[in-house]
Each structure stands twice: as structure tokens, then as C-alpha cells.
Amino acid sequence: MTFQELNSKMVEATVAPGQRLFSQRGAMLAYRGEVSFTPNISGGQGGIMSMIGRRVANEATPLMTVEGSGTVLFGHGGHHVQVINLAGDTLYVEADRLLAFEGTLEQGTMFMGSQGGVMGMVRGQVTGQGLFTTTLKGHGAVAVMAHGGVIELPITPQRPVHVDPQAYVAHHGDVRNKLSTALGWRDMVGRGSGEAFQLELSGNGAVYVQASEEKL
């Protein structure tokens, strides 16, 4: 396993010759061995279109390419860190929540409206998060950041999960998302997201929920 959780706010990553990691700029806390950190301008394995997508989505989170032989400690801003292992499926996560991920994963950008229709677009307007989200697909590990800890909730066809949009961190699997209102439009005047809106996730997979609604 590339990433090992040392505590709730730090992970240790193993860097091996011929392999690469990508990390958020400023995430490196310390390292051992012969390890290099290079600013990445191609957007990971997703190439230049991935970078363009993140810029359009206002998610131009700068990445560093990490290569060499050794170990690196990653953490950022004292945020809680959660390691997610992908086995061929796709992880959907906001770009600014990415701490580090393996170079074996293909990075892309998805327009939230393509999954949630018009209400998926509304989600971006209401929560302040982008209308686009970053995707990571393939086999490998991802370290994501959140506030106050993270819990993984399974999603099954018989039991969809409803999440406060601002508590949403990421999800993976064959999952559909739809934003719904729990209150009438008149009742929501002057309110933030909170319980007024719910992000419904249905299908087969899992969603990661943070304990705090605070944004990164």
C-alpha cells in the first residue's frame, strides 16, 4: 500500500523508482531518501484537457509530481486525512480536497449537471462548490482532506443516502446524485445550504461524509 495513515492528519507515502505520485502543492511535511518534487503543468495522467477542465471549473489546484526513492509525509492545514483505495472504479471528489494520489490513476473532470441534471447545477450555486468535480479512475490509492473526521456510508439500490451538500467529501461506485429541497422555496429565503437542501446518492457504492460543514 502506497499510503499509510500515521494519525488522523498525516499520511506516509512510499515512493519507488519508476512510479510517481501527485500531491497538492504545500502538502509535503517531510521526506526521507532521494525524492524530487516538480510542479505539474499537465494535470496528472488526465493531460492538458484535465488542466483546462479544472481551470474552467475554478479548480486549478496546483499539483506537484513526486518521484524518486524514499518516503514522504503529507498533510495540509491540520485537516483530517482519509485514504481511499480504488479497485478499478471512479472516485468523484472536489479538487481542493485532494491531498495526494497515485500516478496509476487517471484524472479527469466531470460536469455535475451531467449526473444531477439541472439540480446538479444548482448544487454548485448553493454550496459554493464548483459545478465541476474531479474524477480519479483506475487502481490506486487517494488521500483526501476533510474537516472533523470522515465516515464512509454504503450506498445500495434499496437504501440511498441523503447528505448535506456541504458535508459531502467524495463518492465512488455506480452512483447517481440528485439535489433535492427539503423545504419550500419561500422557507429557504435567508438560509444557507444546511438541511434546506439534500444531496441524494443512489445506486451501488459509497459516499464519504465529513463531520463539519466548514469549507476547505
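Residues numbered from 1 in each chain as written. Predicted model: local features only at pLDDT ≥ 70, side-chain atom pairs only at ≥ 80, totals over all residues. Heavy atoms only, no water.

A. Expanded view of the overall build of the chain. Assigned secondary structure in the chain consists of two helices and 13 strands. Within the chain, the proportion of its 216 residues that are buried is 51%. When contacts within the chain are restricted to residue pairs at least 6 apart in sequence, long-range pairs at least 24 apart make up 81% of them. Of the roughly 10,100 Å² of accessible surface on the chain, 52% is carried by carbon and sulfur atoms. (Helix = DSSP H or I, 4+ residues; strand = E, 2+ residues; numbered from the N terminus. Buried < 20%, exposed > 50% of the residue type's maximum accessible area, 1.4 Å probe, protein only. Contact = heavy atoms within 4.5 Å. Areas by Shrake-Rupley, 256 points an atom, 1.4 Å probe, with all protein chains shown as cover.)

B. Representation of the pairing of strand 1 (residues 3-7) within the structure. Here strand 1 pairs with strand 2 (residues 10-15) via four bridges, running antiparallel. Bridge pairing in strand 2 links Phe3 to Ala13. Counted along the chain from strand 1 to the antiparallel partner strand 2, the turn is two residues long. (Pairing = 2+ DSSP bridges.)

C. Representation of the pattern of salt bridges. According to the stated counting rule, one finds two salt bridges in the structure shown. Between Arg32 and Glu12 there is a salt bridge, and its shortest N-O distance comes to 2.6 Å. Taken as a pair, Arg32 in strand 4 (residues 28-40) and Glu12 in strand 2 lie far apart in primary sequence, 20 residues in all. In this structure Arg32 comes out as exposed when scored by relative accessible area, which is 51%. Where Glu67 meets Arg20, a salt bridge forms, and the shortest distance between an N and an O atom there is 3.3 Å. Placement of the pair is Glu67 in strand 5 (residues 63-74) and Arg20 in the loop between strand 2 and strand 3 (21-24), with a sequence separation of 47 residues. By relative accessible area, Glu67 is classed as partly exposed at 27%. (Salt bridge = Lys/Arg side-chain N within 4 Å of Asp/Glu carboxyl O.)

D. Main features of the environment of Gln166. Here Gln166 shows up in the loop between strand 11 (161-163) and strand 12 (168-181). Expressed as a C-alpha distance, the spacing of Gln166 and Ser212, which sit 46 residues apart in the sequence, is 8.3 Å.

E. Examining the pairing of strand 13 (residues 197-210) more closely. For strand 13, a buried count of 10 out of 14 residues is recorded, marking the element as mostly surrounded by other parts of the structure. With six bridges connecting them, strand 10 (residues 150-155) and strand 13 associate as antiparallel partners. Along strand 13, the bridge assignment pairs Ile155 with Gly205. Relative to strand 13, strand 11 runs antiparallel, the two being bridged by three bridges. Note that in strand 13 the partner of Val163 across the bridge is Leu199.

F. Molecular detail of the confidence of the model for the chain. Put simply, the chain has an average pLDDT of 79, and 70% of its residues get 70 or more. Residue range residues 47-59 is modelled with pLDDT below 50. Its contacts to residues more than four positions away, or to other chains, number 30 contacts. In this model residues 188-194 is a low-confidence stretch, pLDDT under 50, and it forms 11 contacts with partners more than four residues away in sequence or in other chains. (pLDDT = per-residue confidence, 0-100.)

G. Structural detail: the environment of Phe37. Counting through the fold element by element, Phe37 comes out in strand 4. Through-space distance from the C-alpha of Phe37 to that of Gly68 is 9.0 Å; in sequence the pair is 31 residues apart. Setting aside residues no more than four positions away along its own chain, Phe37 makes contact with Met28, Tyr31, Met64, Thr65, Val66 and Val72.

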